[in-house]
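Each chain is listed here by its residues.
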Amino acid sequence: MTAMQNVSIGSHYAVHLPAPDDFAVWRERARGLVQCDVPPDRVSWIEPGGTGDLFASEGPARGEKRLPVPPVDAPPVRASKRFLELARHAALHSDPARFGLLYRVLWRLQRHPRLMEDKADPEVRRIEELAKAVRRDAHKMHAFVRFREVEEEGGTPHFVAWFEPDHHVVRSEAGFFMRRFANMRWSILTPRGSIHWDGEVMREGPPARRSDAPGGDPVEDLWRSYYAAIFNPARLKVGAMLSEMPKKYWKNLPEAELIPQLIAGAQAREARMVSSGSLERGEKPETLKGVGKAIHACRMCPIGELDNHAVMGEGPRDAPLMIVGEQPGDQEDQAGRPFVGPAGQLLGEYLTRAGIDRDAAYVTNAVKHFKFVWKGKRRLHQSPGAKEIDTCRWWLEAERDLVRPRIVLALGASAARGLLGKTVSISKVRGEPMMLEDGTELWVTAHPSYLLRLDGAARETQAALFAADLAAVRERLEDLAG
Ligand code: URA
């Protein structure tokens, strides 16, 4: 890595970063500059090899000053949690202007602490875009890295993969591969640098070329049949598929050979699904009314086949808060509205006590149909399975895309899974916001029906926790409303 030289030319400071993905150094330098009151137009951020990397191999020239040192009594630098979360990702983008942008926003945050909540601010939006692109790149790396086996001297297998990231995600994603392939010796080679794991130690290496990586069949031969089996013609949109799996990755993936064949066969399979009545979703509807109509026809999981009705979410189209439950119960199924039964009554009481207006929130469920078993003449609630929740995410996402709430509140583990796509423990995640993929804040708490099943001291304890969670959400909503 290049040694860092931070210099000022006249009144202009040039900050050299040791690596293009070094957020920690950017943060430390940026903090010092803010504390010394150096405005953004007097700072250039220079990454190694970038244009303007004029000082990479030279010391400070005569007349240049080092970075100013903040006074000991300098006030602390304000940076909201949201800024830091987004900045950490945005700093890994390949846009050469990113560090300057981050510094400008950090500078503005000192005067406008709520700046990050201004969704219309072009600089805030740009940071969000950068962070999103980086998360997407990291996701692609997780999904599309394919190892080939190379036999080393002594017969030890070494797995080598080639990948072409758009952004500087290689080092930041090393931990993912280390955890996943902890017992293998592997290398991931990319044009932005390489990482090597020998089962104990991670090493970094220089950028590589495609020809440095072995060709031949990836180790995961089974992947081909897996991919063909999960391929869903109802969701075939070549444009979307290309954006999920851009062509540049195809050459690297065994299943890519199947794509033309799958696309060709898709029309026929889709026609068969339509005629058998099992095709219920393709494009996401563009209005909530459209979603409401579409969910009635949904048979993508077995719950829709039961004797029930789909229950759509309800509430203002621009609600700042979206409340997500598990699934409609018996009464909701009959009324066609969410949370009208006993759990809904209790929820209403606690929302009122917390100062949250239920009517101003958009209330919905992770699963749109009531899952039950008959017991005599009664329909007994059954919890939806992970697969059913995951299948129904399609509709929950459609609602989220349209309402775009500032905060989503998940009630219980099924709702949390519907939003996160993975199971979390309520006791571990409650009380602190998380961030969904699109940057929306997610708060998780217990489901009110859990309280209904408790009594005595246990109920009191849980009720207090539930009330505290709702109060925290109300406070946060007030903060965001400014
Ligand atoms: N429980 C839920 O999770 N949702 C409802 O709509 C009703 C009860």
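Since the structure is predicted, the reported quantities are computational estimates derived from the model, not experimental observations. (Residues numbered from 1 in each chain as written. Predicted model: local features only at pLDDT ≥ 70, side-chain atom pairs only at ≥ 80, totals over all residues. Heavy atoms only, no water.)

**Some thoughts on the sheet that holds strand β16 (residues 441-445)**
Phase 1 of the analysis: Across the sheet, five strands lie side by side as β11-β10-β14-β16-β15; this open sheet has mixed pairing. Strands with a single pairing partner mark the edges of an open sheet, and in this sheet they are β11 (362-365) and β15 (434-435).
Phase 2 of the analysis: Taken together, the five bridges between strand β14 (residues 407-411) and β16 define a ladder with parallel strand orientation. When the bridges of β16 are listed, leucine 409 appears paired with tryptophan 443. (Pairing = 2+ DSSP bridges. Helix = DSSP H or I, 4+ residues; strand = E, 2+ residues; numbered from the N terminus.)

**Considerations on a positive patch on the surface**
Phase 1 of the analysis: A grouping of Lys119, Arg125, Lys132 and Arg404 is seen on the molecular surface, where their side chains present a positively charged patch.
Phase 2 of the analysis: Along the chain, arginine 125 falls in helix α4 (residues 122-144).
Phase 3 of the analysis: A residue is classified by how much of its surface remains accessible, and arginine 125, at 44% relative accessible area, is partly exposed. (Patch = residues over 30% accessible without salt bridge, like charges linked within 9 Å, V, L, I, M, F, W, Y side chains within 5 Å. Areas by Shrake-Rupley, 256 points an atom, 1.4 Å probe, with all protein chains shown as cover. Salt bridge = Lys/Arg side-chain N within 4 Å of Asp/Glu carboxyl O. Lys, Arg positive; Asp, Glu negative; His and termini not counted. Charge placed at Lys NZ, Arg CZ, Asp CG, Glu CD. Buried < 20%, exposed > 50% of the residue type's maximum accessible area, 1.4 Å probe, protein only.)

**Quick look at the layout of surface pockets**
Phase 1 of the analysis: Its boundaries defined by the atoms lining it, the second largest pocket holds a volume of some 680 Å³.
Phase 2 of the analysis: As for the second largest pocket, its lining consists of 30 residues, and the residues nearest its centre are Glu326, Ala343, His381, His447 and Ser449.
Phase 3 of the analysis: Where the lining of the second largest pocket is concerned, the elements lending two or more residues are α11 (330-335), α12 (342-354), β13 (378-381), α14 (412-420) and α16 (448-452).
Phase 4 of the analysis: With four residues, β13 is the largest single contributor of residues to the lining of the second largest pocket. (1 Å grid on protein atoms, 1.4 Å probe; cavity = no way out; pocket = protein on both sides within 12 Å on 5 of 7 lines; lining within 4 Å. Points joined across faces, edges and corners; volume = space filled by probe spheres on them.)

**Let's talk about unusual backbone geometry**
Phase 1 of the analysis: Although it is not a glycine, aspartate 37 sits at a positive phi angle of roughly 65°.
Phase 2 of the analysis: Within the fold, aspartate 37 resides in the loop between α1 (23-35) and β3 (43-46).
Phase 3 of the analysis: By relative accessible area, aspartate 37 is classed as partly exposed at 49%.
Phase 4 of the analysis: Phi at phenylalanine 339 is positive, roughly 50°, even though this residue is not glycine.
Phase 5 of the analysis: Its place among the elements puts phenylalanine 339 in the loop between α11 and α12.
Phase 6 of the analysis: For phenylalanine 339, a relative accessible area of 7% translates into the label buried.

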